[in-house]
Amino acid sequence: GDLRSALITSVLSLERLELDLFRGRHHWVPATRRLFGGQIVGQALVAAARSVSREEQAHSLHCYFVRAGDPKVPVLYEVERTRTGKSFSVRSVKAIQHGKPIFTCQASFQLSQESPVQHQFTMPAAPPPEELLTQEELIHKFLQDPNLAERYRKHLNKIQASDVPIDIKPVNPPDVFCWEPQEPKQLLWVRARGYIGEMDMKVHCCVAAYISDYAFLGTALLPHRQYHTKFMVSLDHSMWFHAPFRADHWMLYECESPWAGGCRGLVQGRLWRRDGVLAVTCAQEGVIRVDQAPNQSKL
């Protein structure tokens, strides 16, 4: 419908305190009680985008998470105008809480330029989102099982993220009760909830930054589902924006993890438009700590 997306009206709406100083507040906080990394990335890109001309569009960002975010206080975003060139501009953003940086980011913007050098991968085949259940519907389906153990019923209720302002439809959702290792790959249809419409492309890039961090690092856990995850948090996050897209339209999120080791996991992702155009590429590394002994049963 025409209900305005909360990602525009709330999550990514920053208060300007000074020319290059902004304050952001929180919409949804995960069960970990740490700030959602996608929110910080999205808000940092909003802050950076406010310091460049409307004609310049985001083409990449590279971020580091250096401290856990405190959900009880706002985040301050301090922008440094590192360089403004004829074709490219670079902005550095520091997110601050309690007087210390919790996150740093460099974002680069480019004026539109044409080039005959063009190619892309081919979009993977997937059923259309209209044929699939949302993540909430899948969780609700599991909760209807009368034989579901109470501890897992509580776990599913905890991760049932009704306040998350994005829609997600897994293409091949893993069985929540299955411990068999799976290939570290997943396909998800994703979009912002509500209406965003035709806006400055930088707005859709900021929304995609928020979306890209949700369930991304979990791809690295699919071959290791027999272990109980004690701790998982992002270390860094990078994005490259290739083609215009609408973040409130369904896009296929292709995620894969080529490597994990040393209590870290690496994931890579591609956001595809429904017409097969590669819109965004993402990469992230995170800390993953599990119990050494594998679980025996969930039932």
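Residues numbered from 1 in each chain as written. Predicted model: local features only at pLDDT ≥ 70, side-chain atom pairs only at ≥ 80, totals over all residues. Heavy atoms only, no water.

**Some thoughts on the sheet that holds strand β5 (residues 88–97)**
For sheets, the rule is that strands pair by backbone hydrogen bonds, running either parallel or antiparallel. Strands sit in the order β1-β2-β4-β5-β6-β3-β9-β12-β11-β10-β8-β7 across an open sheet of 12 strands; the sheet is antiparallel. Of all strands in the sheet, those bounded by a partner on one side alone are β1 (15–18) and β7 (166–170). Here the strands of the sheet are splayed against their neighbours by 25° on average, with no regard to which way each runs. For strand β3 (residues 57–65) and strand β6 (residues 100–110), the ladder comprises 8 bridges, and the chain directions are antiparallel. Directly across from serine 60, in β6, lies its bridge partner serine 108. Against the sheet, helix α5 (residues 201–212) engages β3, β6, β7, β8 (185–192), β9 (229–241), β10 (251–261), β11 (264–273) and β12 (278–290), with an angle of about 155° to β9. (Pairing = 2+ DSSP bridges. Helix = DSSP H or I, 4+ residues; strand = E, 2+ residues; numbered from the N terminus. Axes fitted to C-alpha atoms, helices over the stretch in contact; angles between N-to-C directions. Contact = heavy atoms within 4.5 Å.)

**A look at the packing of helix α2 (residues 37–49) against α5**
Taken N-terminus to C-terminus, the directions of α2 and α5 make an angle of 160°; their axes are 7 Å apart at the nearest point. One finds that α2 runs roughly antiparallel with respect to α5. Helix-helix and strand crossings are classified by hand; for α2 and α5 the assignment is right-handed. Side by side, α2 and α5 meet where Gly38, Gln39, Val41, Gly42, Leu45, Val46 and Ala49 of the first sit next to Lys202, Cys205, Cys206, Ala209 and Tyr210 of the second. (Parallel < 35°, antiparallel > 145°, perpendicular 65-115°, else oblique. Left-handed = near helix turned anticlockwise from the far one by under 90°.)

**Comments concerning helix α3 (residues 135–143)**
Turning to α3, its buried residues number three or more, namely Glu136, Leu138, Ile139 and Leu143. The buried residues of α3 occupy an angular sector of 160° when the element is viewed end-on, so they sit on one face. (Buried < 20%, exposed > 50% of the residue type's maximum accessible area, 1.4 Å probe, protein only. Arc of directions from axis to C-beta.)

**Remarks on unusual backbone geometry**
Despite not being glycine, alanine 215 shows a phi value in the positive range, around 65°. Along the polypeptide, alanine 215 turns up in the loop between α5 and β9.

**Points about the pattern of salt bridges**
With the rule as written, the count across this model stands at 17 salt bridges. Across the pair arginine 23 and glutamate 15 runs a salt bridge whose closest N-O atoms are separated by 3.0 Å. A salt bridge links glutamate 285 to arginine 264, with the shortest nitrogen-to-oxygen separation between them at 3.0 Å. You can see glutamate 285 sitting in strand β12 and its partner arginine 264 sitting in strand β11, a full 21 residues away along the chain. Glutamate 285 gets classed as buried once you look at its relative accessible area, which sits at 17%. It is possible to trace a salt-bridge network through shared partners that takes in Glu136, Asp167, Arg191 and Arg193. (Salt bridge = Lys/Arg side-chain N within 4 Å of Asp/Glu carboxyl O.)

**Some thoughts on the pairing of β10**
Residues in a regular strand point their side chains to alternate faces of the sheet. Pairing of β8 with β10 involves 6 bridges; the strand directions are antiparallel. Looking at the pairing, glutamine 186 lines up with cysteine 255 of β10. Across 9 bridges, the pairing between β10 and β11 is antiparallel. For methionine 251, the partnering residue across the bridge sits in β11 and is arginine 273. Following β10, the chain reverses through 2 residues before pairing antiparallel with β11; glycine 262 in that reversal takes a positive phi of roughly 60°.

**Quick word on the UniProt feature "domain: Acyl-CoA thioesterase 2 C-terminal" (unreviewed entry) in the protein**
What UniProt calls "domain: Acyl-CoA thioesterase 2 C-terminal" (unreviewed entry) maps, in this numbering, to residues 185–287. Structurally, residues 185–287 is divided into 12% helix and 50% strand, and its ends, taken at the C-alpha atoms, are 18 Å apart. (UniProt positions renumbered as here; feature names shortened; annotations may be inferred.)

**Thoughts on the nonpolar core**
Nonpolar side chains tend to gather and get buried jointly when the protein is soluble and globular. By size, the foremost hydrophobic cluster in this structure holds 65 residues, and its most contacted members are Leu45, Leu61, Tyr77, Phe103, Val207, Phe241 and Phe245. If near-sequence neighbours (up to four positions away) are discounted, phenylalanine 241 is found in contact with Leu45, Ala58, His59, Ser60, Leu61, Cys205, Ala279 and Val280. Grouped together as the second largest cluster of nonpolar side chains are 8 residues, Trp250, Leu252, Trp272 and Leu278 included. (Core = buried A, V, L, I, M, F, W, Y, C linked by side-chain atoms within 4.5 Å.)

**Some remarks on α5**
Over its 12 residues, α5 runs 16 Å from end to end, which matches the ideal 16 Å to within 8%, given 1.5 Å per residue. For α5, the tally of buried residues reaches 11 of 12 residues, placing the bulk of the element in the interior. (Expected span 1.5 Å × (residues − 1).)

**Here we look at the layout of surface pockets**
Counted as a void, the second largest pocket has a volume near 950 Å³. Taken together, 25 residues form the lining of the second largest pocket, with Gln110, Phe241, His242, Ala243 and Pro244 sitting closest to its centre. Going through the elements one at a time, β3, α5 and β12 are the ones with two or more residues in the lining of the second largest pocket. Residue classes in the lining of the second largest pocket are distributed as 12 nonpolar, 11 polar and 2 charged. (1 Å grid on protein atoms, 1.4 Å probe; cavity = no way out; pocket = protein on both sides within 12 Å on 5 of 7 lines; lining within 4 Å. Points joined across faces, edges and corners; volume = space filled by probe spheres on them. Nonpolar A, V, L, I, M, F, W, Y, C, P; charged D, E, K, R; others polar.)

**Topic: the packing of aromatic side chains**
Under the counting rule described, the total for this entry stands at 4 aromatic pairs. Arranged with centres 6.1 Å apart and planes meeting at 75°, the rings of phenylalanine 36 and tyrosine 214 form a pair that is edge-to-face. Placement of the pair is phenylalanine 36 in the loop between β2 (21–24) and α2 and tyrosine 214 in the loop between α5 and β9, with a sequence separation of 178 residues. The ring of tryptophan 189 carries the charged tip of arginine 274 above its face, separated from the ring centre by 5.6 Å. (Phe/Tyr/Trp six-rings, centres within 6.5 Å; stacked < 30°, edge-to-face > 60°. Lys NZ or Arg CZ within 6 Å of the ring centre and 35° of its normal.)

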